[in-house]
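Observations on the three-dimensional arrangement
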2 protein chains.
Amino acid sequence: MESGQDLIFRREYFLTPAECNPEGRMPLTLLINRLIEVATLHANDIGIGYATLSTHGHTWVLSRVAVDVSYYPKVNETYIVRTWVSGVSRLFSERDFEICDSSGAPIGYARTVWAALDVEKRCVADISYLAEASRFIPSEKDCPVEKPSRPMPVGEEHKKATYRFKYSDIDFNRHVNSSRYIELLLNQWPLEYHDTYRLSRFEIAYIHEAYFGEEVEVRLKDDGAGIRAELSDAGKPLCRAFLVYTPRES
Amino acid sequence: MESGQDLIFRREYFLTPAECNPEGRMPLTLLINRLIEVATLHANDIGIGYATLSTHGHTWVLSRVAVDVSYYPKVNETYIVRTWVSGVSRLFSERDFEICDSSGAPIGYARTVWAALDVEKRCVADISYLAEASRFIPSEKDCPVEKPSRPMPVGEEHKKATYRFKYSDIDFNRHVNSSRYIELLLNQWPLEYHDTYRLSRFEIAYIHEAYFGEEVEVRLKDDGAGIRAELSDAGKPLCRAFLVYTPRES
């Protein structure tokens, strides 16, 4: 491999007060944005980034994410995110992550599935041309948490709300920003609930883009193991998620 | 002055796609966050930062902001923010800003007024002990735009909406994040309006903190020169703003 093409990419971050949630911790949305950031930087480094895909008329789209966090960094703490390629197929690329505290002890893991979008046809693209990227899969690195599960419909919900996407929800791609999907889900619980419980496991599958002015239904159901959630517009699912809340350490 | 105590503080930034608004430009909320960031760094550098104030039981609070922008940075552009102290009195400190493009040409200015909060008494503090900070006011630096005007009540509005603050609106201080005030104001116009007009002048005066679950009224009135806006809860104003929209260059 050429220099700079490390199998495991590492980046160190510092959690500022302005980035914290009301509990003084790293918010889930920031964690997922950091995953996307290191994934993008690493993919660029090893030549499978947006620049490469765009020569084929394709672009990377994050399809599924699962995060398993035992400790969310506190304000003014340093944390480290590592990422590596864990799978490549004709339609998907998989990438895993390890999150560590400043001492290097693992505090969380994440697993992601990426698809390539054919920008013109607006459909999933064949990325067989990336097959040799499998040489970037490190032999010694394992991710000790489950992959994102198959996104299940919520079924008969126990809670329903509606929300219409506003100007501030829209990003550079002129779609609803995916962080806003997650915020909309978290907003279904009051502050006191978040003060008492933290998300120890979170899965999300992005299914359809949403647009300015679109009104969505938020549907939630506790299935015993966790909360199944779905955002949908007139029955068309936009995303499905699974949330496991655990009491915060005192 | 000791080394590191420059009268004019300068920081360079790069506008990433993830940071852009739907128009591919720097959002107003990001601009104001950058102002707060460089203000904080500079104040720390010259010894009038949070660390100094906290020894008196005080903390800095941004009270008023006016921004005047002729060009909002585009995606993947570099921009520079400069700041300096422009005034110090018994109750307020003033700080001005210049925003430049990568060639060094000014593309905007901002003027801010900061008060110190007595953390225990929850009231405005006397900061006479900072009087000698007036030596940090540069003699040669001028800010060629108007200071934030006195925050005026909206009077009889032409548009009214309501909004209840959610979990994601709350920050580390357990108040509504001030960016969310601004987003709530911008959300009163549809995407198409923002595509056609940009904010060439924006003023905001923060009056009261808002809390989780609080329902506020958004009231707007076009007074000819611009739009007067107010967020209030049962008649108690939380913030007042003034917005001037100008057609975007084609």
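**Description of the packing of helix H1 (residues 28-45) of chain A against helix H3 (residues 178-186) of chain A**
Residue and element names in this part refer to chain A.
- Axis separation between H1 and H3 bottoms out at 10 Å; the angle between their running directions is 155 degrees. In terms of orientation, H1 and H3 fall into the roughly antiparallel class. Here H1 and H3 pass one another in a crossing that is right-handed. In this structure, H1 contributes Leu28, Thr29, Ile32 and Asn33 to the contact, and H3 contributes Ser179, Ile182 and Glu183.
- Of the residues contributing to the contact of H1 with H3, the split by class is three nonpolar, three polar and one charged.

**What to know about the pattern of salt bridges**
- The final tally for this structure, using the stated rule, is 42 salt bridges over all chains.
- As a salt-bridge pair, Asp96 of chain B and Arg111 of chain B come within 3.3 Å of each other at their nearest N and O atoms. Residue Asp96 of chain B is found in strand E4 (residues 92-101), and its partner Arg111 of chain B is found in strand E5 (residues 106-118); the two are separated by 15 residues along the sequence. For the pair shown, Asp96 of chain B and Arg111 of chain B are each scored as buried.
- A network of salt bridges, in which partner residues are shared, links Glu157, Arg219, Glu230 and Arg240 of chain A.

**Thoughts on the interface of chain B and chain A**
- Listed by partner, the interface residues are 25 residues for chain B and 25 residues for chain A.
- Summing the contributions of chain B and of chain A, the shared interface buries around 2,300 Å²; its carbon and sulfur component is 59%.
- The tally of links from chain B across to chain A stands at four salt bridges.
- We note a salt bridge from Arg180 of chain A to Glu183 of chain B, for which the minimum N-O separation is 3.1 Å.

**Comments concerning the relation of the copies chain B and chain A**
- Expressed as a screw operation, the relation of chain B to chain A combines 0.0 Å of axial shift with a rotation of 180 degrees, fitting to an RMSD of 0.0 Å. Each copy turns onto its partner about a two-fold axis. Of the C-alpha atoms belonging to chain B, the one lying closest to the rotation axis is found on Tyr163 of chain B, 5.9 Å away.
- Residue by residue, 100% of the interface of chain B is reproduced at the interface of chain A, so both copies engage with the same surface.

**Remarks on the pairing of strand E3 (residues 78-88) of chain A**
All names here are of chain A.
- Pairing of strand E1 (residues 9-14) with E3 involves six bridges; the strand directions are antiparallel. Note on E3: the bridge partner recorded for Phe9 is Thr83.
- For E3 and strand E4 (residues 92-101), the ladder comprises nine bridges, and the chain directions are antiparallel. When the sheet's bridge partners are listed, Val85 is paired in E4 with Arg95.
- As consecutive antiparallel partners, E3 and E4 are separated by three residues.

**Points about the environment of Val69 of chain B**
- Locating Val69 of chain B in the fold gives a position in strand E2 (residues 58-69).
- Beyond its immediate chain neighbours, meaning those up to four positions away, Val69 of chain B contacts Leu31, Ile107, Gly108, Arg198, Leu199 and Ser200 of chain B.

**Here's the deal with the confidence of the model for chain A**
- Looking at chain A, the pLDDT average stands at 95 and 98% of residues meet or exceed 70.
- Reported confidence for the predicted complex is 0.94 by ipTM and 0.94 by pTM.

**Points about H1 of chain A**
Residues and elements named next belong to chain A.
- Over its 18 residues, H1 runs 26 Å from end to end, which matches the ideal 26 Å to within 8%, given 1.5 Å per residue.
- Every buried residue of H1 is listed here: Leu28, Thr29, Leu30, Leu31, Ile32, Arg34, Leu35, Val38, Ala39, His42 and Ala43.
- Of the residues flanking the end of H1, it is Gly47, one or two places downstream, whose phi is positive at about 80 degrees.

The rules behind the values
Residues numbered from 1 in each chain as written. Chains lettered and ligands numbered in written order. Predicted model: local features only at pLDDT ≥ 70, side-chain atom pairs only at ≥ 80, totals over all residues. Heavy atoms only, no water. Axes fitted to C-alpha atoms, helices over the stretch in contact; angles between N-to-C directions. Helix = DSSP H or I, 4+ residues; strand = E, 2+ residues; numbered from the N terminus. Parallel < 35°, antiparallel > 145°, perpendicular 65-115°, else oblique. Left-handed = near helix turned anticlockwise from the far one by under 90°. Contact = heavy atoms within 4.5 Å. Nonpolar A, V, L, I, M, F, W, Y, C, P; charged D, E, K, R; others polar. Salt bridge = Lys/Arg side-chain N within 4 Å of Asp/Glu carboxyl O. Buried < 20%, exposed > 50% of the residue type's maximum accessible area, 1.4 Å probe, protein only. Buried area = accessible area lost by both parts, 1.4 Å probe. Least-squares fit on C-alpha atoms with pLDDT ≥ 70 in both. Pairing = 2+ DSSP bridges. pLDDT = per-residue confidence, 0-100. Expected span 1.5 Å × (residues − 1).

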